[in-house]
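# Overview (structure and organization)
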Amino acid sequence: MGREALTQAEVGREAGEVRVLLEAREMILRGDIRRRYALADVSGVGVEDEVLYFVVGGEMVRLSLGAETARKWAEAMLKPPPSLAQKLGLSPGRSVWLLTPVGDPVLEEAVGDAAAEEAQADMALAVVESDAALEAVLTAHGRRPETALWLVYPKGGKGFGEASVRRSLRDSGYRDSKSCAVSELWTATRYALPKT
């Protein structure tokens, strides 16, 4: 979602200027008032004139965003977040070639019945935890290099992770185009080779 605004806020009995960030699953207030709200805990979302308002944790929150922005933010807050399957592009009728076992229950649920044989798949997906596993996946993906490749790897900066994956893929000519969180432990990035 990634919306951001500098505005006047009222939170309970506090008032002040805040920088507010509206993300897919949370809202963050920084500045005179500091709060972090999970959107799942928010209720009573509405717009009055130029003010977005809602209730969370027993506090009334009012943000002076302007009529149009307040309306758009209210719609965004009320819209359910996309599922992992949607983030991965696994809409009905789309299939995925699994280059490795999935393992993670959240990812298994997202893949569901979309797994297909290599020749019929619209995209490829692999879970990697080491440079050796990544090298094996890239070799296998070389059989269908025209398909987008989702790589799922551990979150965090220690050991094997995003930096290792990005360096290896870019060195192999791939370019990243999208990322998404998979779970508390895993993240995913979509890569593809440039079309010739």
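The present account deals with the structure reproduced in this document. Since the model is a prediction, treat every value here as computed from it, not as a measurement.

### What to know about the sheet that holds strand S10 (residues 148-154)
With mixed pairing, 5 strands are arranged side by side in an open sheet as S8-S9-S10-S12-S11. Because the sheet does not close on itself, it has two edges, and the strands there are strand S8 (96-98) and strand S11 (175-181). Shown here is a sheet whose adjacent strand axes are inclined to one another by a mean of 25 degrees, direction ignored. In terms of strand pairing, S10 meets strand S12 (residues 186-192) through 6 bridges, oriented antiparallel. The residue bridging Val-152 from the neighbouring strand is Ala-188, located in S12. Packed onto the sheet, helix H4 (residues 131-141) meets S8, strand S9 (123-127) and S10 and runs at close to 170 degrees relative to S10. Where helix H5 (residues 162-171) meets the sheet, its contacts fall on S10, S11 and S12, and the angle it forms with S10 comes to roughly 150 degrees.

### Re the packing of aromatic side chains
Evaluation of the coordinates by the stated rule reveals 1 aromatic pair. Note on Tyr-37 and Phe-54: the rings are 5.9 Å apart at their centroids and 85 degrees apart in plane angle, and the pair reads as edge-to-face. On the criterion of sequence distance, the pair formed by Tyr-37 in strand S4 (residues 35-38) and Phe-54 in strand S6 (residues 51-56) is long-range, its members being 17 residues apart. Pair check on accessibility: Tyr-37 and Phe-54 agree, each one buried.

### Quick notes on the environment of Glu-146
Here Glu-146 lies in the loop between H4 and S10. Overall, Glu-146 belongs to the exposed group, its relative accessible area being 57%. Along the primary structure Glu-146 and Gly-31 are separated by 115 residues, whereas in three dimensions their C-alpha atoms are 47 Å apart.

### What to know about the side chain of Asp-104
When you line up the elements, Asp-104 lands in the loop between S8 and helix H3 (105-111). Notably, Asp-104 is buried but unbridged: the nearest opposite-charge side chain belongs to Lys-155, and the N-O separation is 10 Å. There is a polar contact of 3.1 Å between the side chain of Asp-104 and the backbone nitrogen of Leu-107. In contact with Asp-104, not counting residues within four places along its chain, are Val-182, Ser-183 and Trp-186.

### A few points about the layout of surface pockets
There is about 180 Å³ of room inside the largest pocket. Of the residues contributing to the lining of the largest pocket, the split by class is 4 nonpolar, 1 polar and 4 charged.

### Looking at the packing of H4 against H5
In the contact formed by H4 and H5, the axes pass within 11 Å of each other and the chain directions differ by 35 degrees. Relative to H5, H4 is oriented so that their crossing is right-handed. Of H5, the residues touching H4 (which contributes Asp-131, Leu-134 and Leu-138) are Ser-164, Val-165, Ser-168 and Leu-169. By residue class, the composition of the contact of H4 with H5 is 4 nonpolar, 2 polar and 1 charged.

### Looking at the pattern of salt bridges
Inspection of every chain in the model, using the stated rule, returns 13 salt bridges. Ionic pairing is found between Glu-4 and Arg-19, a salt bridge with its closest N-O pair at 3.1 Å. Here Glu-4, found in strand S1 (residues 3-11), pairs with Arg-19, found in strand S2 (residues 14-22); they are 15 residues apart in sequence, far enough to count as distant. Overlapping salt bridges bring together Glu-68, Arg-71, Lys-72 and Glu-75 as one network.

Reading the values: rules and limits
Residues numbered from 1 in each chain as written. Predicted model: local features only at pLDDT ≥ 70, side-chain atom pairs only at ≥ 80, totals over all residues. Heavy atoms only, no water. Pairing = 2+ DSSP bridges. Helix = DSSP H or I, 4+ residues; strand = E, 2+ residues; numbered from the N terminus. Axes fitted to C-alpha atoms, helices over the stretch in contact; angles between N-to-C directions. Contact = heavy atoms within 4.5 Å. Phe/Tyr/Trp six-rings, centres within 6.5 Å; stacked < 30°, edge-to-face > 60°. Buried < 20%, exposed > 50% of the residue type's maximum accessible area, 1.4 Å probe, protein only. Lys, Arg positive; Asp, Glu negative; His and termini not counted. Salt bridge = Lys/Arg side-chain N within 4 Å of Asp/Glu carboxyl O. Polar contact = N/O pair within 3.5 Å; in protein donor to acceptor, adjacent residues only side chain to side chain. 1 Å grid on protein atoms, 1.4 Å probe; cavity = no way out; pocket = protein on both sides within 12 Å on 5 of 7 lines; lining within 4 Å. Points joined across faces, edges and corners; volume = space filled by probe spheres on them. Nonpolar A, V, L, I, M, F, W, Y, C, P; charged D, E, K, R; others polar. Left-handed = near helix turned anticlockwise from the far one by under 90°.

As far as function goes, none of this settles anything; it's purely spatial.
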